[in-house]
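In case you want the letters, here they are:
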Amino acid sequence: MARIGNWAYVLKSKLGVANARRGADVLKLAHRVRHLGDAYSYAGRWALAEPCYVEALAIYRHHDRTRPLDLANAIRSFAVLRDEVGAADQAQSLWQEAHDLYVGLNLSAGIAESAARLALLARAQGDLARSRERLIEATAAAEATDDPETLEYIRTVTAQLAI
């Protein structure tokens with residue numbers, strides 16, 4: 001169930017998108033549209049989140065000034081959504097793309113999360129060896145971050161994979 005804070009985030013994001021649509025900076029628009037997708041996603045409104053992610057990705061993928069981190073984060077958001085709605089094949093493809101971008105950026109937190117998500121998806125497909133490989137990568141990346149939240153996430157995924 002969505003809380004009032006979720007709806008406040010949706011409203012704030014809608015206003016940001018409306019303002020960005022009046023401007024000339026399409027990358028700012030893509031950023032704001034992605035955040036609107038995130039707001040809908042946090043509120044559990046996945047059907048409203050999806051078109052936001054699709055629009056943001058279309059802008060990012062076709063603009064020559066797109067920063068790889070912005071693209072990776074938009075892909076990540078869409079991968080989370082696709083995973084939530086049970087579209088495992090598409091989620092896996094998106095997570096792999098985000099992972100490759102995070103590796104190219106040497107962003108340990110992104111590598112850790114995407115590798116962990118890929119480990120979970122590999123396990124669900126019965127590929128235990130690939131799941132183990134991804135978990136090892138995720139753990140190493142998480143340890144490199146020294147970020148308590150990332151480390152906790154990897155501990156949680158490790159426990160899920162041990163079942």
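These numbers come from a predicted model, not from an experiment.

Bringing the overall build of the chain into the picture now. Of regular secondary structure, the chain possesses eight helices and zero strands. For the chain, the α and β elements follow one another from N to C terminus as α-α-α-α-α-α-α-α. Here the C-alpha atoms of the chain give a radius of gyration of 16 Å, agreeing with the 15 Å that 2.2 N^0.38 yields for 163 residues. Counting the 163 residues in the chain, one finds 41% classified as buried. Residue pairs at least 24 apart in sequence account for 53% of intrachain contacts in the chain once pairs closer than 6 positions are excluded.

Across all of its chains, the model carries eleven salt bridges by this definition. Residue Glu-133 is joined to Arg-130 by a salt bridge in which the shortest nitrogen-to-oxygen separation is 2.7 Å. Here the residue Glu-133 and the residue Arg-130 both occupy positions in helix H7 (residues 128-145), the gap between them amounting to three residues, near one helical turn. The class for Glu-133 is partly exposed, based on a relative accessible area of 45%.

Aromatic ring pairs are reported here in terms of the distance separating the ring centres and the angle at which the planes meet. For the structure shown, the criterion picks out two aromatic pairs. A centroid spacing of 5.9 Å and a plane angle of 20 degrees characterise the contact between Tyr-9 and Tyr-42, whose relative ring orientation is stacked. Of this pair, Tyr-9 sits in helix H1 (residues 4-22) while Tyr-42 sits in helix H2 (residues 26-42), and the two are 33 residues apart along the sequence. Under the relative-accessibility criterion, Tyr-9 is labelled partly exposed at 25%. With centroids separated by 6.1 Å and ring planes inclined at 50 degrees, the aromatic side chains of Tyr-53 and Phe-78 adopt a geometry described as tilted. Here the residue Tyr-53 occupies a position in helix H3 (residues 46-61), and Phe-78 occupies one in helix H4 (residues 68-84), the gap between them amounting to 25 residues. The pair formed by Tyr-53 and Phe-78 is uniform in burial state, with each residue classed as buried.

A separate point is helix H8 (residues 148-162). Its 15 residues place the ends of H8 21 Å apart at the C-alpha level, agreeing with the 21 Å of an ideal helix rising 1.5 Å per residue. For H8, the full list of buried residues reads Thr-150, Ile-154, Val-157 and Leu-161. Along the axis of H8, the buried residues cluster in a sector spanning 60 degrees; they form a single face. Among the exposed residues of H8, those oriented more than 90 degrees off its buried face are Pro-148, Glu-149 and Ala-162. Where H8 is buried, its residues meet helix H6 (108-124) and H7.

This part takes up the confidence of the model for the chain. In this model, the chain carries an average pLDDT of 95, and 98% of its residues clear a pLDDT of 70 or more. Within the chain, no element has a lower average pLDDT than H1, which sits at 92, and none a higher one than helix H5 (residues 88-105), at 98.

Attention now goes to the packing of H6 against H7. With their axes 7 Å apart at the nearest point, H6 and H7 run at an angle of 160 degrees to one another. It follows from the interaxial angle that H6 and H7 lie roughly antiparallel. Judged by the sense of rotation from one axis to the other, the crossing of H6 with H7 is left-handed. Contacts between H6 and H7 involve Ser-108, Ala-109, Ile-111, Ala-112, Ala-115, Ala-116, Leu-118, Ala-119, Ala-122 and Arg-123 on the former and, on the latter, Leu-128, Arg-130, Ser-131, Arg-134, Leu-135, Glu-137, Ala-138, Ala-141, Ala-142, Ala-144 and Thr-145.

Between its first and last C-alpha atoms H5 spans 25 Å; for 18 residues at 1.5 Å apiece the expected length is 26 Å, and the two agree. Of all the positions in H5, only Ala-91, Leu-94, Trp-95, Ala-98, His-99 and Tyr-102 are classed as buried. Down the axis of H5, the buried set is contained in an arc of 145 degrees. They therefore lie on one face. Structural note: H5 exposes Asp-89 and Gly-104 on the side pointing more than 90 degrees away from its buried face.

Parameters and conventions
- Here, residues in each chain are numbered from 1, in the same order as that chain's written sequence.
- In view of the model being predicted, local features appear only for residues whose pLDDT reaches at least 70, and side-chain atom pairs are presented and counted only at 80 or more, with totals across whole chains, interfaces and linings using the full set of residues.
- Side-chain numbers come from the whole structure's heavy atoms, not from hydrogens or water.
- Helix and strand definitions here come from DSSP, where helices need a minimum of 4 consecutive H or I residues and strands a minimum of 2 consecutive E residues; each element is numbered from the N-terminal end.
- Only the C-alpha atoms count toward the radius of gyration. The rule for a globule is 2.2 Å times the residue count to the power 0.38.
- Three exposure classes are used, based on accessible area relative to the maximum for each residue type with a 1.4 Å probe and protein chains only: buried under 20%, partly exposed in between, and exposed over 50%.
- The contact rule is simple, with two residues in contact once any of their heavy atoms fall within 4.5 Å.
- Salt bridge, as used here, is a side-chain nitrogen of Lys or Arg placed within 4 Å of a carboxyl oxygen of Asp or Glu.
- Pairing of aromatic side chains requires ring centres within 6.5 Å, counting the rings of Phe and Tyr and the six-membered ring of Trp. Pairs whose planes differ by under 30 degrees are stacked, by over 60 edge-to-face, and all others tilted.
- Every helix has an expected span of 1.5 Å times one less than the residues it contains.
- The arc in question is traced by the directions running from the helix axis to the C-beta atoms.
- As a per-residue measure, pLDDT tells how confident the predictor is, with possible values from 0 to 100.
- For helices, the fitted line uses only the C-alpha atoms of the stretch in contact; every axis is such a line through C-alpha atoms, and the angle between N-to-C directions lies from 0 to 180 degrees.
- Reported orientations rely on four angle classes, namely roughly parallel under 35 degrees, roughly antiparallel over 145, roughly perpendicular from 65 to 115, and oblique for the rest.
- Helix crossings are classified by the rotation of the near helix relative to the far one: an anticlockwise turn of less than a right angle makes the crossing left-handed, while a clockwise turn makes it right-handed.

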